[in-house]
Amino acid sequence: MKSELSTIARHALTVLAGQLAIMAFGVTDTIVAGRYSPAALAALSVGSAVFVSVYISLMGILQALLPLWSEQRGAGRLPAMGRSLRQSLYLCLGICVVGMTVLLSPEAVLRWTDVPEALKADVRNYLTILAWGLPPAMLFRIYSTLNQSLGRPQLVTWLQVGALALKLPLSIWLTFGGAGLPALGVAGCAWATLIVNYTLLGVGLWLMRTQSLYVPLQLWQRMERPDWAQIGQFLRLGVPAGMAILVEITSFTLVALFVARQGNLAAASHQIAANLAAVCYMVPLSLAIACSARVSWWRGAGNEENARRLALLGWRLAALLGLLLGGVLLLGRHWLASVYTNDPAVAALAAALLLWVALYQAADAVQCFCIFVLRCYRITVLPLLTYCVLLWGVGLTGGYGLAYGGIGPWANQPTPAAFWAASALALGVTALAFSGLLWHTLRKYSAQPAS
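Rules of the game
Residues numbered from 1 in each chain as written. Predicted model: local features only at pLDDT ≥ 70, side-chain atom pairs only at ≥ 80, totals over all residues. Heavy atoms only, no water. Axes fitted to C-alpha atoms, helices over the stretch in contact; angles between N-to-C directions. Helix = DSSP H or I, 4+ residues; strand = E, 2+ residues; numbered from the N terminus. Parallel < 35°, antiparallel > 145°, perpendicular 65-115°, else oblique. Left-handed = near helix turned anticlockwise from the far one by under 90°. Contact = heavy atoms within 4.5 Å. Nonpolar A, V, L, I, M, F, W, Y, C, P; charged D, E, K, R; others polar. Core = buried A, V, L, I, M, F, W, Y, C linked by side-chain atoms within 4.5 Å. Buried < 20%, exposed > 50% of the residue type's maximum accessible area, 1.4 Å probe, protein only. Expected span 1.5 Å × (residues − 1). Phe/Tyr/Trp six-rings, centres within 6.5 Å; stacked < 30°, edge-to-face > 60°. Polar contact = N/O pair within 3.5 Å; in protein donor to acceptor, adjacent residues only side chain to side chain. Patch = residues over 30% accessible without salt bridge, like charges linked within 9 Å, V, L, I, M, F, W, Y side chains within 5 Å. Areas by Shrake-Rupley, 256 points an atom, 1.4 Å probe, with all protein chains shown as cover. Salt bridge = Lys/Arg side-chain N within 4 Å of Asp/Glu carboxyl O.

So, about the packing of helix α10 (residues 228-259) against helix α16 (residues 417-445). Running from amino to carboxyl end, α10 crosses α16 at an angle of 165°, the nearest separation of the two axes being 10 Å. Classified by the angle their axes make, α10 and α16 are roughly antiparallel. Helix-helix and strand crossings are classified by hand; for α10 and α16 the assignment is right-handed. On α16, the residues that touch Ser-251, Phe-252, Val-255, Phe-258 and Val-259 of α10 are Phe-419, Trp-420 and Ser-423. Its residues assigned to classes, the contact of α10 with α16 comprises 6 nonpolar, 2 polar and no charged.

Written out as structure tokens, the structure is:
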């Protein structure tokens, strides 16, 4: 397992560097909007909540192709990976149509969550711009997933780090204006993201065309007609996975919409806490991506025992990372909040919310790892149902009830802390349930050949 640990560490750290670069997009926008005005930060909180809900859930459908492609690589079927990738383009087209429709018509969501009228115009403008940046983002996700399945995420990481170097000055310039360009406010952050997305896609296509790494896959063949059997396989794995991510992310992002009615102070402080929680999430996510790619590789190669041992090692690492991240947030909460804003009231409330974020980091890390590895065994529906019951039923609904109506002996607490407390409880139970399911699955498959 020492060599496997080294392989996983290199893969995970490389993925983490890229993921943190992408997360730095959100950190950049949050800081830039917060420095521009509290109203801009509040609008960003609502707009990014809607966009992230759409983007992450659709991305999850494509990310679910990772175990399929990793198994094909483990079995030595490289040309099959190329054919599978071309078929995935049909899937990408369909989800882009769905995602753009939602982003271009957000009225129902904004009404349902009672977003204040003062924020709606800026939110609509922000989402309209990002809608046109969704197709290149989805296509680049296919490229990223392909590289992860090949065990070569380095090219993606370098592109993402380079994109951050472009995103940072663009967001500042377009938001605050200058050099003859008027200040665009929060829309400037969206325009910067759109430009970066198309740049990433262009460079990714050029690399696929020129790098020898991709030659054995025979990617640049004539596009086949839709293979509905293969697309159906994608959907059976990807749709439950994407819906699970939708439930997970909306249990997180919808809070921003429900908190918006509490005013700019609550919305801005929640955005800071949510952004830091999302940054921390990238650590176990990177580990989960690396481990799931390797577990699927071993399953494709027919070695279930190595797959089992690797999954158990990854679980222990995820739990340890979650505890470490929680400790960092707990000890550094006041300084971290002050980095985001120069408003003392916003910083104070954000620091208080980070107490709750610190509490659930271990559970969040474990449940993230488990759900990725469970997909390697084609287990997607039960985790989806678990998410619906716990994250929506306990976390989101319980937080809403505690904030606006009270629950049992607890009176209503109209602050973002009510949502974070309920989410911490829901994630803790989810982590326990997923850990039990993963252990049962590993015992079942360890004595069987890979299917």
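Once you've had a look at it, read on.
Moving on, we come to the nonpolar core. Within soluble globular proteins, side chains that are nonpolar generally end up buried alongside one another. Residues Met-138, Leu-146 and Tyr-377 are the most contacted members of the largest nonpolar core, which totals 154 residues. Ranked by the residues each element gives to this core, the list is headed by helix α11 (residues 264-300), at 23 residues. In this structure, Tyr-377 is in contact with Val-295, Arg-299, Glu-304, Ala-307, Arg-308, Thr-441, Leu-442 and Tyr-445, ignoring residues within four places of it in sequence.

Relative to the helices and strands, Gly-393 resides in helix α15 (residues 381-404). A sequence separation of 212 residues divides Gly-393 from Leu-181, and the C-alpha atoms of the two residues are 47 Å apart. Ignoring anything within four residues of it in the chain, the contact list for Gly-393 reads Cys-388 and Gly-398.

Between its terminal C-alpha atoms helix α6 (residues 117-131) stretches 21 Å, which fits the 21 Å expected from 15 residues at 1.5 Å a residue. Buried within α6 we find Leu-119, Lys-120, Val-123, Tyr-126, Leu-127, Ile-129, Leu-130 and Ala-131. Among the structural elements, α2 (38-63), α4 (78-104), α5 (107-112), α7 (134-149) and α9 (186-210) are those in contact with the buried residues of α6.

Using the criterion set out here, one finds 11 aromatic pairs in the structure. Relative to Phe-434, the ring of Tyr-387 has its centre 5.3 Å away and its plane inclined at 55°; by these criteria the two rings are tilted. Of the two residues, Tyr-387 sits in helix α15 while Phe-434 sits in helix α16, which places them 47 residues apart along the sequence. Each member of the pair Tyr-387 and Phe-434 is classed as buried.

Our focus in this paragraph is helix α14 (residues 361-376). Residue pairs spaced three or four apart in an α-helix point in one direction, given the helix's 3.6 residues per turn. Its 16 residues place the ends of α14 24 Å apart at the C-alpha level, agreeing with the 22 Å of an ideal helix rising 1.5 Å per residue. With respect to burial, α14 is a largely interior element, 15 of its 16 residues being buried.

Let's shift gears to the environment of Val-54. Relative to the helices and strands, Val-54 resides in helix α2. Since its relative accessible area comes to 11%, Val-54 is described here as buried. Placed 42 residues apart in sequence, Val-54 and Cys-96 show a C-alpha to C-alpha distance of 10.0 Å. Residues in contact with Val-54, not counting those within four places in the same chain, are Gly-99, Val-102 and Leu-103.

Bringing the environment of Asn-147 into the picture now. Locating Asn-147 in the fold gives a position in helix α7. Residue classification places Asn-147 among the buried residues on the basis of a relative accessible area of 0%. Separated by 127 residues in sequence, Asn-147 and Ala-274 place their C-alpha atoms 29 Å apart. Once you skip the residues sitting within four places of it in the chain, Asn-147 turns out to touch Arg-152, Pro-153, Leu-155, Val-156, Leu-213 and Tyr-214. Separated by 2.9 Å, the side chains of Asn-147 and Tyr-214 make a polar contact.

On to a nonpolar patch on the surface. Together, Leu-330, Leu-331, Leu-355, Trp-356 and Leu-359 make up a nonpolar patch on the protein surface, roughly 510 Å² of accessible area in all. At the level of secondary structure, the elements contributing two or more residues to the nonpolar patch comprise α12 (304-340) and α13 (344-359). Among the elements that line the nonpolar patch, the one with the most residues is α13, at 3 residues. With respect to the secondary-structure elements, Leu-330 resides in helix α12.

Tallying each qualifying case throughout the model produces 7 salt bridges. A salt bridge links Arg-299 to Glu-71, with the shortest nitrogen-to-oxygen separation between them at 4.0 Å. With a gap of 228 residues between them, Arg-299 in helix α11 and Glu-71 in helix α3 (residues 66-74) connect regions that are remote in the sequence. By the burial criterion, Arg-299 is buried, and Glu-71 matches it. Glu-305 is paired through a salt bridge with Arg-308; the nearest N and O atoms lie 2.7 Å apart. Residue Glu-305 and its partner Arg-308 are located together in helix α12, separated by 3 residues, close to a single helical turn. Accessibility expressed as a relative area gives 33% for Glu-305, which makes it partly exposed.

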